[in-house]
Amino acid sequence: MADPANSPLGKMLLDEITPVVMVLSTALVEESSLKNGLSFVQMLSPFSDFANIDVPVRTASDQPYRLQKFKLRLFYASDIRQPDLEVAKERLKQVITQAGERDFSEMSSDPPQVNDLHSGPDSEILPSWFQFFNKELVRTLSFSDHEAFDHPVACLLVVSSKDNEPINRFVDLFNTNRLPSLLNDGAMDPKILKHYLLVHDNQDGASEKATKLLTEMRSTFGPNACQLLCINSSQDGQSHHQDNPWAPFKSDSLPIEHLGCFLNLDDFNEIKDLIQELSSKHIIPYMEQKIRALNLQVSATRKGLRNQIKNLWWRKGKEDALDTSNGPVYTFSSIESQIRILGDYAFMLRDYELALSNYRLISTDYKLDKAWKRYAGVQEMMGLTYFMLDQSRKEAEYCMENAFNTYLKLGSTGQQNATRCGLWWAEMLKTRDQIKEAATVYFRICGEDPLHSAVMLEQASFCYLLSKPPMLHKYGFHLVLSGDHYKKCDQIKHAIRTYRSAVSVYKGTTWSLIKDHVHFHIGQWYAFLGMYDVAVTHMLEVLASSHQSKTMQELFLRNFLQIVQKTGKTFEVLKLQLPVINISSLKVVFEDHRTYASAAAASVKESIWRSLEEDMIPSLSTARSNWLELQSKLMPKNYKESNICVAGEAIKVDIEFRNPLQIPISVSTVSLICELSANLEEMNSDANTSNIELRTDENKTSTSTGDINSSLILSEVDFSLEGGETTLVQLTVTPRVEGILKIVGVKWKLSSSIVGFHNFESNSVNKRVTKGRRKAKHSPSNDLKFIVIKSLPKLEGFIHSLPKKTYVGDLGHLVLELSNQSKFPVKNLKMKISNPRFLNAGNQQELNAQFPACLEKKMNVQQRGGHANVNQVLDNVFHFPEDISVLEETSLSWPLWFHAAVPGNISLYITIYYEIEDISNIMKYRTLCMHYSLQVLPSLDVSFVISPCPSRLQEFLLRMDVVNQTSSESFQVHQLSSVGQQWEISLLQPVDSILPSQSLNAGQALSCFFMLKDCRRSSTSEDGIHSLSLLQSDVRLGLQGNDEALFDVSSSPLADFHDRERSYRGISVQVANLLALIMPFI
């Protein structure tokens, strides 16, 4: 270990266990001193501490050494008394309060981080006022009767040259009425060194009179015991001292520059010489002489075998005495007191070996006398002496432990002494790098006084921080304990400081409950001090505490809202956690060339729409100047990767809100935060900027270069969430002018005074890309940036009467309605359907057809055998007639045919292409995407068995089996037809015998037989061809005499669906015509 004298404890001992000089002065002396804003003792005190006095000293055994560091403690006689306990407590309270006021100026900044604290030097980690507080705490035990190091070594009698009869004044000063009670009561030796000082104020004139008085004093009191001090040599009182030595004595009523204003450099030097001469030529030699005399006395009476036996015999029987706290009364003249004085004088002159031997000698006496307080005091000094000798750590710690426990046994009378002993013991352990053990001592010091306990707990916490390795959890835990004690003593600022330091310990840990405790109380305390902004910041940390009980959540929310209400203003909180936003659920849906008829269509994968558009959108080979190519030419370079949207059309943002609490909350005015620049060039300079700063003006919801109300339309949503509930909210923004649009984030109101904001980060956006062509590269930073082009026509579409649930084989007549709400017409309409087995476009004349009457066969009309839409359907794309256009603010209706081909959950995707007549637009065409989902249930299971007729080569026997697969539905079987003109079909049994009830009920089955005749081999002549047209290709399966017409399976739409099935199955025409028998339409 390094030199103990240079350690913090060593420096404290050299400051606190030093000789005391009692000062007795007249009123005129004080009057002259007060011209400088100082008392006489204050004026001398800065010069009484010597870093290198270099005085030769000899030990009791005549071993020479030189005393370097030395200090005198100057006290007025009236102050040499044991401090009043209540006054001392109030003084310590002021020290703590003032420290809190000084440190609180930094409390608005971010709290210190644990890593930063631990990486700095110890002097910067510990609060600077700890050392000052510890010294003040030690000084509350000054001038006790059982310790001699506070007993005056000398008396300085001070008289002014203006006093009447100064010689008599010197005599009168050392009057028993003016001496401390400890001297009069016999606890202190009144026969001490006296030094006589005459003070002359140069403001009162020349010093000739003072010189004469000095001569008279020396003849009366001795030539070496008298001195003259001249002060106030500055005539104008304008002396300014750059490093003012009296700065510690500054008061609120007197500025620091007025301290010592009449003292010039000559006065400085004279005061310094006075104190140095007093120390080196009087006090130190006097103490050295006293040590020699006392050592001879002790050696003669207590040392040696004979004296030891005599002492033990004399004290025999005292073990049976009553056990009191102080034991017997010892006067200054008793041998025990003399030994204690000898030990303390030796300690103050650094003769630690002599001090230790005497402390050991007297320790036994006090123990036998059961003078426990004196015994503990000697044990305490033995521990400190071992420390200063840097010997026997074990013995030093044993002595401190013994002293500490003995003080505690004394109860309340020994509590303060135990605290002082603990402070010195903890500093001793810290010097020897036993920092963790020092923390335990600080914890043991904590007594009944909560304010002292708070300081000790805080010092213990820093020991855990500085231990190796750092014990961070104990550091944080003791900080919280300390903060609680500070709060009990109304030291709110200290409580905040300790709790703030604990925040960094628990940040990022799973100790959620203690984190909530810390933030909640910091918020309450800041609010108590009126610092509502900082209070709200901490209360926000506990607002979304889902791990807390329902009662605690209500408490947190209620206190938070009360604090906000007290501010009287609106708080805007970035990333407010109530409710919680599920950013991964964020989905942006917008329309460029591709538009959507419903939300369901917008949720479909882009690859599906792209596959439907491939056969309709003009390729680069046929349309060199398509809108994508024009876009790259007309848009700024930095925005080529941006999305495109159309003025007047809403961009939809879906986002999920979750209530993390168990209590319901209400959220209002939820809307997007957007920025719109009406000029592309204005945004070109900062197009690469990715960080968007939120506006703090509570009246704005978005930012643009124009008027917000006219350039953007933002939707607002209100909703309530029960405990733990989640809801998906759709928000929209509709730009009304051209420019650059950025979706920055979302905002909402939790109460009338809390506005929450959340910025969208581009890389977390689950964006629905709806572009006409995939770009080779796409920048994630532009996901929420849009180029707004001028308003375009937009078709809206809907299919009327499309069922959501149906049965296999169901046939229906539907109507597609397209409406154009813009002022510009559209033309060249095309349509492609993902599953033509289920949906086909009809003829325009079928729009108002009566269904199902329009499917009936017309009597006496030759069958067409053709399909209506052959010329209109090319490559599965239906082309609307060229003369068809959807004019401005009108609608177009077109017939569709629906057929439920197979069972299952079916998705129908429809894309309608149209072109814009306004040639000034960048975008020349658009598409409308429609999506419908339906459920098709099983109906009839039909199977056929065909057997050749043995007697006729051109005839076949056909058996048809039909089963109703439903659980509750009944069906009527109307007819069986063959497609084409090659087969003649006839029934081999009466209809009544097949299905007497005319309906096939749920679960019921039937079988019937038919005769098939192949007429192709016998129809080579013209008559044969004419006869083919008269073949019986339909068989009625209803009751005989039923006048219901038969359905024409050779015309649209039945023939169209038959062709779709044939194309889907990949069957040749010849086979298909035969197998069509097994494809009845039910």
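Residues numbered from 1 in each chain as written. Predicted model: local features only at pLDDT ≥ 70, side-chain atom pairs only at ≥ 80, totals over all residues. Heavy atoms only, no water.

**Q** Help me get a handle on the environment of Pro793, residues and values and all.
**A** By the secondary structure assignment, Pro793 is in the loop between β22 (785-789) and β23 (795-800). Residue classification places Pro793 among the buried positions, given a relative accessible area of 1%. Taking C-alpha positions, Pro793 is 9.4 Å from Glu917, a pair spaced 124 residues apart along the chain. With residues near it in sequence (within four places) discarded, Pro793 still touches Asn820, Ser822, Phe824, Val826, Tyr914, Ile916 and Arg926. (Helix = DSSP H or I, 4+ residues; strand = E, 2+ residues; numbered from the N terminus. Buried < 20%, exposed > 50% of the residue type's maximum accessible area, 1.4 Å probe, protein only. Contact = heavy atoms within 4.5 Å.)

**Q** Now, about the sheet that holds strand β19 (residues 726-735): what can you tell me, with residues and values included?
**A** Taken together, the four strands give an open sheet; going across it, the order is β11-β14-β19-β17, and neighbouring strands pair in antiparallel fashion. Strands at the two margins of the open sheet, each flanked by one partner only, are β11 (580-589) and β17 (712-714). Strand-to-strand twist in this sheet, taken as the mean axis angle between neighbours without regard to direction, amounts to 20°. Judged from the eight bridges that link them, strand β14 (residues 651-658) and β19 form a sheet pairing that is antiparallel. Looking across to β19, one finds that Glu656 is bridged to Leu728. (Pairing = 2+ DSSP bridges. Axes fitted to C-alpha atoms, helices over the stretch in contact; angles between N-to-C directions.)

**Q** I'd like a description of helix α21 (residues 492-506), backed by residues and values.
**A** An ideal rise of 1.5 Å per residue puts 21 Å on 15 residues; α21 measures up with 21 Å between its terminal C-alpha atoms. Among the 15 residues in α21, 14 count as buried, and that is most of the element. (Expected span 1.5 Å × (residues − 1).)

**Q** With reference to specific residues and values, describe the packing of helix α1 (residues 8-16) against helix α15 (residues 372-389).
**A** Between α1 and α15, the shortest axis-to-axis distance is 11 Å and the interhelical angle comes to 120°. Comparing the axis directions of α1 and α15 gives the class oblique. The interaxial crossing formed by α1 with α15 has left-handed handedness. Taken together, the residues of α15 that come into contact with α1 (itself represented by Leu9, Gly10 and Leu13) are Leu384, Phe387 and Met388. The residue makeup of the contact of α1 with α15, split by class, is five nonpolar, one polar and no charged. (Parallel < 35°, antiparallel > 145°, perpendicular 65-115°, else oblique. Left-handed = near helix turned anticlockwise from the far one by under 90°. Nonpolar A, V, L, I, M, F, W, Y, C, P; charged D, E, K, R; others polar.)

**Q** Can you tell me about a nonpolar patch on the surface, naming the residues and giving the values?
**A** Taken together, the side chains of Leu957, Leu988 and Phe1009 present a nonpolar region at the surface, about 240 Å² in accessible area. Along the chain, Leu957 falls in strand β34 (residues 955-964). (Patch = residues over 30% accessible without salt bridge, like charges linked within 9 Å, V, L, I, M, F, W, Y side chains within 5 Å. Areas by Shrake-Rupley, 256 points an atom, 1.4 Å probe, with all protein chains shown as cover. Salt bridge = Lys/Arg side-chain N within 4 Å of Asp/Glu carboxyl O.)

**Q** I'd love a proper account of empty space enclosed by the protein, names of residues and values included.
**A** Empty space among the atoms becomes apparent when a probe as large as a water molecule is rolled across them. Under the definition given, this model contains eight cavities of 30 Å³ or more. Here the largest cavity is characterised by a volume of approximately 110 Å³. Of all the elements in the fold, those that place two or more residues in the lining of the largest cavity are α11 (265-301) and α13 (335-348). (1 Å grid on protein atoms, 1.4 Å probe; cavity = no way out; pocket = protein on both sides within 12 Å on 5 of 7 lines; lining within 4 Å. Points joined across faces, edges and corners; volume = space filled by probe spheres on them.)

**Q** Which residues make up the nonpolar core, and what are the values?
**A** Nonpolar side chains in soluble globular proteins tend to be buried together. Membership of the largest hydrophobic core comes to 189 residues, with the highest contact counts inside it found for Phe40, Phe347, Leu384, Phe657 and Ile743. At 12 residues, α11 tops the list of elements feeding residues into this core. With residues up to four places along the chain from it excluded, the contact list for Ile743 reads Ile651, Val653, Leu672, Ile673, Cys674, Val733, Phe760, Leu784 and Phe786. (Core = buried A, V, L, I, M, F, W, Y, C linked by side-chain atoms within 4.5 Å.)

**Q** Any details on the pairing of β22? Residues and values, ideally.
**A** Among the five residues of β22, five are classified as buried, and the element is accordingly described as predominantly covered. The alternating pattern of β22 places Lys785, Ile787 and Ile789 and Phe786 and Val788 on opposite faces, both of which are buried. Sheet analysis places strand β13 (residues 643-646) next to β22, joined by four bridges and oriented parallel. Looking at the pairing, Cys645 lines up with Val788 of β22. Pairing between strand β20 (residues 739-751) and β22: four bridges, direction antiparallel. Within β22, the position partnered with Lys742 by the bridge is Lys785.

**Q** Describe the side chain of Asp1034, and please don't skip the residues or the numbers.
**A** Tracing the backbone shows Asp1034 in strand β38 (residues 1034-1036). For Asp1034, a relative accessible area of 7% puts it in the buried group. Within the local environment of Asp1034, its side chain forms a polar contact with the side chain of Ser977, the two groups lying 2.4 Å apart. When near neighbours in sequence (up to four residues on either side) are disregarded, Asp1034 contacts Lys857, Gln975, Leu976, Ser977, Ile985, Leu1046, Phe1047 and Val1049. (Polar contact = N/O pair within 3.5 Å; in protein donor to acceptor, adjacent residues only side chain to side chain.)

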